[in-house]
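Read off the chains here:
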Amino acid sequence: MNCELEKSIIDAGQEHLLRYIPGLSAEELDSFCNQLAAVNWGQIPELAEKYVLNRPEISIPDDLTPAKFYPLKPADAATEELYSAADAKGVELLKAGKVCCLTVAGGQGTRLGFDGPKGTYPIGPVSNRTLFSYFAQSIARASEKYGAPVNWYIMTSPINREATENYFRAENFFGLKEENVFFFTQGTMPAFGLDGKLLLSSKSSLALSPDGHGGTLLALRKSGALDKMIADGCEYISYFQVDNPLVPVVDPRFIGLHYLENSEMSAIMLSKTNPYEKLGNFCVSGGRTMIIEYSDLPDELAVKRNADGSLAFVAGSPAIHVLSRSFVEKLTSGGTLQLPWHRADKKIASLDENGTLVTPDSPNGVKLESFIFDALPLAEKVMILEGDRAEVFAPTKNATGVDSAESCREMLTARNARRLVLAGVEIPYTADGKVDAVIELSPRCVLDDADAVALVKESGLKKIFSGQVVAL
């Protein structure tokens, strides 16, 4: 280990990390030194003081107001004209190859009871196609429909990068060209003990954890993804998370409005079902758009109503964005990204004073994460568009219950049924209004309503019967 690195560690008050170095093999020492060299030691004392030794206080601005948004359906002729222009512009940008997709896929399927990257979880109601398969086939259809490749950037984590790439190779990239799929790995942050000291997961490794989806932006630069976007002429990034197969991988209206409004970072909002729904709230303070998490919004604001009885703070975030590439370039221009950190108390397996690995029964440390929505206040212009929950948001977080694989499959069936109704197909429903069948439309054939109508016309399907399982 070089003297300068050692001094930085000691100056940061973390000299305990050097305890086991004399007993390491050359290979272990090399790996550990690379890990330590990647840490910004200058910021460690401040992070320990601000986020670990003291619990950050949530400060709600006095001037907080609900963010304005474009409604799902245009309320007047001017908005209708704007939406029409946005639709056309979005299609134009897609045809020109100016749009790429970015999927955050660093998680594992642990909460789903699944061993592997979450993107490899089978979610198709009939086919059992995986989350990755849904997105890949949708992107393939978009590329075909608009006559230009839609490149796909997939952010993995250190723990699932290899498994994710191996999965794509085994599936022959789902028919996509390998050069149109770019994998990159999000950054990591060392975990702190409650005393402000960094934890070791072994004698030759820090206890590291992913740095949150806010780290996506810096990882784009460090990985060379931004350089590839520039070389490919891609100017707009369609961002979504891997656990939401209902999301449109590219939405011409959303993309077009982002362009026409000169937005740097745009967002889809969903109308909250109740004041305390677990969605971040789109708000404005000092002329800047921001997200206030559901747990932080004061009760008096959460329940506040408009004159017509609707919720004042109604706009919730499902983490669906369009970002201008130039905005990401600007934020990361110095090779750093200054977003606030968020504290999470966790049970972290780590070495005790005797060098024994201990798995605690209660939280023993702090992980720091950054969130991508904290980039919103840094944007000169933000555009927010209302989305239809039934069309764009079916998160797969749990095996059963709310936001589960079970509920996701039901929502996929429901959207497929609605599209078939548009095409004139008779659909069976239960007394409580649920689709009384299991229906799956191939994302390789159906990107939107128009595709569904064309597929039905080709298939000759007229009616689905109660209890039937249908795959088109």
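One can find the structure itself at the top, above this paragraph.
Presented here is an overview of the structure given in this document. Everything quoted here is computed from the prediction, not taken from an experiment.

1. Focus: the sheet that holds strand 6 (residues 192-193)
If you trace the three strands from one edge of the open sheet to the other, you get 6-19-16, paired in antiparallel fashion. What marks the edges here is a single partner per strand, and that holds for strand 6 and strand 16 (342-346). Direction of pairing for strand 6 relative to strand 19 (residues 365-369): antiparallel, over a ladder of two bridges. Paired with Phe192 across the bridge in strand 19 is Val366.

2. Points about the pattern of salt bridges
Per the counting criterion, the structure on display carries 26 salt bridges. Residue Lys330 is joined to Glu264 by a salt bridge in which the shortest nitrogen-to-oxygen separation is 2.9 Å. In this pair, Lys330 is assigned in helix 11 (residues 325-331) and Glu264 in the loop between helix 9 (252-260) and strand 11 (265-271), connecting sequence segments 66 residues apart. For Lys330, a relative accessible area of 39% translates into the label partly exposed. On the basis of relative accessibility, which here comes to 16%, the residue Glu264 falls in the buried class. Among the salt bridges present, the one from Arg419 reaches Asp449, with a minimum N-O distance of 3.0 Å.

3. Describing the side chain of Glu261
Within the secondary structure, Glu261 is located in the loop between helix 9 and strand 11. With a relative accessible area of 18%, Glu261 lands in the buried category. A distance of 2.9 Å separates a polar atom in the side chain of Glu261 from a polar atom in the side chain of Tyr70. Leaving out residues up to four positions away in the same chain, Glu261 has contacts with Tyr70, Leu82, Lys381 and Met383.

Calculation notes
Residues numbered from 1 in each chain as written. Predicted model: local features only at pLDDT ≥ 70, side-chain atom pairs only at ≥ 80, totals over all residues. Heavy atoms only, no water. Pairing = 2+ DSSP bridges. Helix = DSSP H or I, 4+ residues; strand = E, 2+ residues; numbered from the N terminus. Salt bridge = Lys/Arg side-chain N within 4 Å of Asp/Glu carboxyl O. Buried < 20%, exposed > 50% of the residue type's maximum accessible area, 1.4 Å probe, protein only. Polar contact = N/O pair within 3.5 Å; in protein donor to acceptor, adjacent residues only side chain to side chain. Contact = heavy atoms within 4.5 Å.

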